[in-house]
Amino acid sequence: MINFDNSYSKLPDIFFERTMPIPVKDPKLIKFNESLAKKIGLNLNKDKDLSSAIFSGNKIAEGSDPIALLYAGHQFGHFVPQLGDGRAILLGEVINKDGCRFDIQLKGSGQTAYSRGGDGRAPLGPVIREYIISEAMHSLNIPTTRSLAIVTTGEMVSRETLLPGGILTRVASSHLRVGTFEYFAASEDLTNLKLLTDYAINRHFPNLKNDNLRYQKFLELVCDNQASLVAKWMHVGFIHGVMNTDNTSISGETIDYGPCAFMDSYNPNTVFSSIDHRGRYAYGNQPNVAQWNLACLGECLLPLIHSDRNKAIEIIEDILGDFENKFKKYWLNGMYRKIGLSDNKENNYILLEELLHLMEQDKSDFTLTFRYLSDLVENKNDNSNFKQQFLSKNKVDSWIGKWKERLKEENKSEKIIKESMLKVNPAFIPRNHRVEQAIYEALNNYDYAYMERLVQLLNKPYDYQPDNAEYMDPPKNNAQNYQTFCGT
Ligand code: AMP
Ligand code: MG
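Report on the accompanying structure.

Here is what the cut-offs are and how they apply
- Per-chain numbering applies: the sequence of each chain, read as written, is numbered from 1 onward.
- Each chain gets a letter, beginning with A, and each ligand a number, beginning with 1, in the order they are written.
- Local features in this predicted model are restricted to residues whose pLDDT is 70 or higher, and side-chain atom pairs enter the listing and the counts only when it is 80 or higher, whereas totals over whole chains, interfaces and linings include all residues.
- Computation of side-chain values covers all heavy atoms of the structure but excludes hydrogens and water.
- Coordination shells were defined by N, O and S atoms within 2.8 Å of each metal, extended to 3.2 Å for Na, K and Ca; water is absent from the atom set, which can make sites look incomplete.
- Relative accessibility thresholds used throughout: buried, under 20% of the residue-type maximum; exposed, over 50%; partly exposed, between the two (1.4 Å probe, protein chains only).
- Here, any two strands with at least 2 DSSP bridges between them count as paired.
- To qualify as a helix, a DSSP run of H or I must reach at least 4 residues; to qualify as a strand, a run of E must reach at least 2; elements of each kind are numbered from the N terminus.
- We call a residue near a molecule or strand when any one of its heavy atoms sits within 4 Å of it.
- In protein, a polar contact means a hydrogen-donor-capable atom and an acceptor-capable atom, both N or O and within 3.5 Å, with residues adjacent in sequence counting only if both atoms are side-chain atoms; elsewhere, any N or O pair within 3.5 Å suffices.
- The accessible surface values rely on the Shrake-Rupley method and a 1.4 Å probe; as for residues, cover is taken only from the protein chains in view.
- Lys, Arg, Asp and Glu make up the charged group, whereas Ala, Val, Leu, Ile, Met, Phe, Trp, Tyr, Cys and Pro make up the nonpolar group; the residues left over, Gly among them, are polar.
- For this analysis, a nonpolar core means a set of buried residues of the types Ala, Val, Leu, Ile, Met, Phe, Trp, Tyr and Cys, connected via side-chain atoms within 4.5 Å.
- Contacts are assigned to residue pairs that have any heavy atoms within 4.5 Å of one another.

Here we look at the coordination of the magnesium ion (ligand 2)
Inference 1: Protein coordination at the magnesium ion (ligand 2) comes from Asn247 (OD1) and Asp256 (OD), with a distance range of 1.8 to 2.2 Å.
Inference 2: On the accessibility criterion, Asn247 (9% relative accessible area) is buried.
Inference 3: Its relative accessible area of 15% is what places Asp256 among the buried residues.

This is the structure:
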């Protein structure tokens, strides 16, 4: 049973289109996230047929009011006045025992009014990819939409070739995006823009509800959440890949796992997406893009923030101008923790910069370098795993010497420093070749055991798991040419 408590579908009709999922031929539930179901308060009695029917869209559960959401968005910098859920349907919302509200959405559930010629479907490969990576992000303590279920449809989806179809059930604290605001702002619909903003405030920042300055404070908080989110991506080498404004969530969750991927060798210019030719969404450019996306939100909120346009611009510019400081604060804080230092001394910054520079020069693996640095705190061994990540051994020795001196000034035991570092330097990330292998086994051999194993080990990314040691490693042939696709 799902206790739906829908709020978005009670907004005026212009916000969405009532749309039923299009039934599929032979739905089979191949993955269900029990712990997430429990967290959001679902009770489905382990009836697999019923779950297959509900999470394929073949059966509409009582209380569900399926809608496709309308939004606009800047894609690669170009404004598209109408996008919307072209292959997703919001089944409804639930509230858990802690009072948290969640959207339950099907992705790949057939055409909607916003499909713009697309088939509304999703191949199974990208569905598995989103499941593995979004759940890994959650376990890495990064705010994200979650994955509740994967259903295979028994139908083929036509892309460059015919591919087996899948449907992902996505759980989000909402699907409000910068693009949702852009839709109403661009159509100069001030009434609904205000309604939307008040809805977003009630849902995500209820403390602001009766505040006279609520619209500017709303912008401030969204900026803060994005600064913190993108800093967290940077700390684990995550590249979103398609940070369009329609993929920028107001709640501060990572959303829309299309061409995202984790970086192996450290290089700020890393891009995996096949269509990101200019590196707009490269690893190192993510904070700039986040700020650009927030400027789009600021522009939308202008008429709500102040009736005097110039005053509104001044307020918005101040808020957006502060993004850089906010980001830097979050980023540095996390980076210092990664190298075992706690405060913000000038020397620490130089030490951090030096390490990143060496890593870039020697193409060190981003994840392993920090993980093995954690082990080095107590290790006196000269030929450490950490050092193996570098070619210029002399330079790295000199860096280690300076770092160890700085660690002494922390006035903490080595054990405590190491423990704290291991909590922020994961051993396991969803390595691209491993994710591909999971998809390959599922698609070619109908074998989901590999996916299952990957999901399980990524559930505890900070734990030492000797049985899974080989999953820590980057691909042997260093897959620099790995490409990801939006064509999901
Ligand atoms: P995305 O790049 O996944 O954020 O998608 C951008 C827009 O294209 C969204 O409005 C999607 O709903 C839509 N879209 C993507 N794939 C499809 C598809 N297969 N059928 C219909 N719409 C799609
Ligand atoms: Mg999207």
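Back to the write-up after that little detour.
Focus: the pairing of strand S9 (residues 146-158)
Inference 1: Bridge analysis of strand S2 (residues 28-32) against S9 gives four bridges, and the strand direction is antiparallel. In the sheet register, Lys31 faces S9, and the bridge partner there is Ile150.
Inference 2: As consecutive antiparallel partners, S9 and strand S10 (residues 162-172) are separated by three residues.

Remarks on the site of ligand 1
Inference 1: Close contacts around ligand 1 come from 17 residues, with Gly84, Gly86, Arg87, Asp119 and Gly120 the closest.
Inference 2: Between ligand 1 and Arg159 there is a distance of 3.4 Å, counted from a nitrogen atom to a side-chain nitrogen or oxygen.
Inference 3: The contact in question runs from an oxygen atom of ligand 1 to an N or O atom on the side chain of Asp256, over 3.1 Å.
Inference 4: Burial of ligand 1 by the protein amounts to 82% of the accessible area it has alone, namely 490 Å².
Inference 5: Grouping the amino acids of the shell around ligand 1 by side-chain chemistry returns two nonpolar, seven polar and eight charged.

So, the nonpolar core
Inference 1: Of all hydrophobic cores here, the largest spans 124 residues; its most connected members are Tyr8, Phe181, Phe218, Phe386 and Trp403.
Inference 2: Ranked by residues supplied to this core, first place goes to helix H6 (residues 214-236) with 12 residues.
Inference 3: When near neighbours in sequence (up to four residues on either side) are disregarded, Tyr8 contacts Phe15, Phe16, Ile67, Leu69, Leu90, Glu93, Leu176, Thr180, Leu196 and Tyr199.
Inference 4: By size, the runner-up hydrophobic cluster in this structure holds 23 residues, among which are Ile2, Phe4, Ile40 and Ile104.

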